[in-house]
Every structure is written in C-alpha cells, then in structure tokens.
Amino acid sequence: MFKVKVYVTLRESVLDPQGTAVMHSLHAMNYKEVTDVRIGKYMELMVEKSDRPVEEVVKEVCDRLLANPVIEDYRFEIEEAVAQ
C-alpha cells in the first residue's frame, strides 16, 4: 500500500483571482511582507500495489481527473504506507 500526496496548482501563466483576493486581504490585515499568493489543491490517495507501477497509476489519475492539464500543473510524493 502506498500513500500518495498530490499537489495541484495553477500554471504560472494562468491568473489566480482567488490568490489575488487572499493577498489583498492579507495586505488589509497589515501583512505587507506577503508579495504573492497562489491557491492550489492538496489530496492524499491510498493506492494498493498492483501489476502496474504506482507512478504510472498516479500520473494517469492526475491527468484524467485530479488536474486540468490545460491550466494546472501537479506533482506528487509517494511513500510506503505502514500497515496497521
């Protein structure tokens, strides 16, 4: 069993109005040190071992469902899950 952490973010070339709104709110709260905010998604998947490499399965899941490859980038981290 593998625990997979998936991070999905908007591509740098795509405007992030939600991130801009958060940045303006932070500035209104006097956090002037914050110069940029980008909003993204974080997901954790539990993936069972199979005849396919886990990297292949996760990449396919991300490309087909979890991320929109036109406007989003993703990265993932795979770790062996400890049996409980």
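Conventions adopted
Residues numbered from 1 in each chain as written. Predicted model: local features only at pLDDT ≥ 70, side-chain atom pairs only at ≥ 80, totals over all residues. Heavy atoms only, no water. UniProt positions renumbered as here; feature names shortened; annotations may be inferred. Salt bridge = Lys/Arg side-chain N within 4 Å of Asp/Glu carboxyl O. Helix = DSSP H or I, 4+ residues; strand = E, 2+ residues; numbered from the N terminus. Buried < 20%, exposed > 50% of the residue type's maximum accessible area, 1.4 Å probe, protein only.

- Looking at an unreviewed UniProt entry, one finds the protein chain named Phosphoribosylformylglycinamidine synthase subunit PurS, with Niallia oryzisoli as its source organism.
- What UniProt records for the protein chain under Catalytic activity (unreviewed entry) is the sentence "N(2)-formyl-N(1)-(5-phospho-beta-D-ribosyl)glycinamide + L-glutamine + ATP + H2O = 2-formamido-N(1)-(5-O-phospho-beta-D-ribosyl)acetamidine + L-glutamate + ADP + phosphate + H(+)".
- In its Subcellular location (unreviewed entry) section, the UniProt entry covering the protein chain states "Cytoplasm".

1. Re the pattern of salt bridges
Working step 1: One pass over the full model with this rule turns up 10 salt bridges.
Working step 2: For the salt bridge of Arg11 with Asp73, the shortest nitrogen-to-oxygen distance reads 3.6 Å. Residue Arg11 is found in the loop between β1 (2-10) and α1 (17-28), and its partner Asp73 is found in strand β3 (residues 72-80); the two are separated by 62 residues along the sequence.
Working step 3: Residue classification places Arg11 among the partly exposed positions, given a relative accessible area of 30%.

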